Amino acid sequence: MSADLLEVPASHRRVCRQVGMATVLLQQLFPREAKAAIASSVTCDPLHRCTPQEAALVLAESNLELFAAIRPLEYVAHLWQSKVRLPSTHVQAFTDRFNWIGNWTKERILRHRNTKRCAEAIRQSVDLALACRDLGDFNSLFSVLSGLVSPAVSRLKRAWARVPAKHRQAHAELEAMMDPSRNMNTYRTLFAEVCLCVCVCVCVCVCLCLCVCLCLCLCLCLCCGWMALCGEWMGG
């Protein structure tokens, strides 16, 4: 075992034993990569067989499916569990998915006994977090970051030292987004900017569609007028 993993308490190494449950869920999220991994008798890890952008897209789609299943009444019931006795199955599933992604991020780093491989797993996880941010999937982004900033991973000093400087800088910038001060002000500001950009894009698309419709209507009117004039001229 590497010196880095010897620094990890035994209690944190339990994460590595979750690979059985993780493999089942990975087979559901990444069936093509899981099938190829099982066929080649290697550990099921989609980041070894697809790009971070592809993995982030799959995570975003699965999270969207879980989030869309949550109904307002179920969410309110989850917030007021002590007063409202209603099942919150979908909210719990969404929460479990968040926790699973964080545990998976820790597991794929801590399972390596070689410092170089640990550093590579950290680099891939940072790339995945950046891809989630670019997609606007902040739920998966926070899940991956929760695994990267966990004590079990943070104390791998030798592995972090071998991570490229640009990835360490990117990780520091992403970690700053999780700053809880001022009621998560940094995250709320970023989220508001993303929502504003989305609204602007939607408005621009709507305006373009209206312009196209107006142009088509104008062309149709001109064609009808021209045909009427031609009919009168031919009749005369």
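Up top you'll find the structure we're talking about.
Because the structure is a prediction, the values reported are computed rather than measured. (Residues numbered from 1 in each chain as written. Predicted model: local features only at pLDDT ≥ 70, side-chain atom pairs only at ≥ 80, totals over all residues. Heavy atoms only, no water.)

An account of the nonpolar core is needed here, citing residue identities and associated values.
Core analysis: the biggest nonpolar cluster contains 34 residues, and I109, I122, L128, L141, L148, W160 and L174 have the highest contact counts within it. With 10 residues, the single largest contributor to this core is helix α7 (residues 115–135). (Core = buried A, V, L, I, M, F, W, Y, C linked by side-chain atoms within 4.5 Å. Buried < 20%, exposed > 50% of the residue type's maximum accessible area, 1.4 Å probe, protein only. Helix = DSSP H or I, 4+ residues; strand = E, 2+ residues; numbered from the N terminus.)

How would you explain a nonpolar patch on the surface if you had to name every residue and give the values?
Residues Y75, V76, L79 and W80 make up a contiguous nonpolar surface patch of roughly 420 Å² in combined accessible area. Here W80 shows up in the loop between α5 (72–79) and α6 (89–110). (Patch = residues over 30% accessible without salt bridge, like charges linked within 9 Å, V, L, I, M, F, W, Y side chains within 5 Å. Areas by Shrake-Rupley, 256 points an atom, 1.4 Å probe, with all protein chains shown as cover. Salt bridge = Lys/Arg side-chain N within 4 Å of Asp/Glu carboxyl O.)

Describe α7, listing the residues and the values that go with them.
Taking 1.5 Å per residue as the helical rise, α7 with its 21 residues ought to reach 30 Å, and the 30 Å between its terminal C-alpha atoms agrees with that figure. For α7, the side-chain oxygen to backbone nitrogen distance between the N-cap and K116 is 2.8 Å, and the N-cap itself is N114. At the exit of α7 stands G136, carrying a positive phi of roughly 80°. (Expected span 1.5 Å × (residues − 1). Polar contact = N/O pair within 3.5 Å; in protein donor to acceptor, adjacent residues only side chain to side chain.)

Break down the packing of aromatic side chains for me, with residues and values.
Applying the stated criterion to the full structure yields 2 aromatic pairs. A ring pair is formed by F67 and F94, whose centres lie 5.8 Å apart and whose planes are at 55°; its orientation type is tilted. Pair noted here: F67 is in helix α4 (residues 52–68) and F94 is in helix α6, with a separation of 27 residues, a long-range link. For the pair W100 and W104, a centre-to-centre distance of 5.7 Å together with 5° between the ring planes defines the contact as stacked. Of this pair, W100 and W104 both sit in helix α6, 4 residues apart, which is roughly one turn of the helix. (Phe/Tyr/Trp six-rings, centres within 6.5 Å; stacked < 30°, edge-to-face > 60°.)

Give a detailed account of the packing of α6 against α7, specifying residues and quantitative values.
As a packed pair, α6 and α7 sit with axes 8 Å apart at the nearest point and diverge in direction by 155°. The angle between α6 and α7 falls in the class roughly antiparallel. Mapping the contact onto sequence places W104, T105, R108 and I109 in α6 and C118, A121, I122, Q124, S125 and L128 in α7. Among the residues making up the contact of α6 with α7, the classes are represented as 6 nonpolar, 3 polar and 1 charged. (Axes fitted to C-alpha atoms, helices over the stretch in contact; angles between N-to-C directions. Parallel < 35°, antiparallel > 145°, perpendicular 65-115°, else oblique. Contact = heavy atoms within 4.5 Å. Nonpolar A, V, L, I, M, F, W, Y, C, P; charged D, E, K, R; others polar.)

Please provide a residue-by-residue account of the pattern of salt bridges, values included.
Pairing of side chains with opposite charge becomes possible as their charged atoms draw close. Under the counting rule described, the total for this entry stands at 4 salt bridges. A salt bridge links R111 to E107, with the shortest nitrogen-to-oxygen separation between them at 2.9 Å. Here D134 ties to R133 by a salt bridge, and the two come within 3.4 Å at their closest N and O atoms. The partly exposed category is assigned to R133, whose relative accessible area is 31%. One connected set of salt bridges, linked through shared partners, spans E120, R123 and D127.

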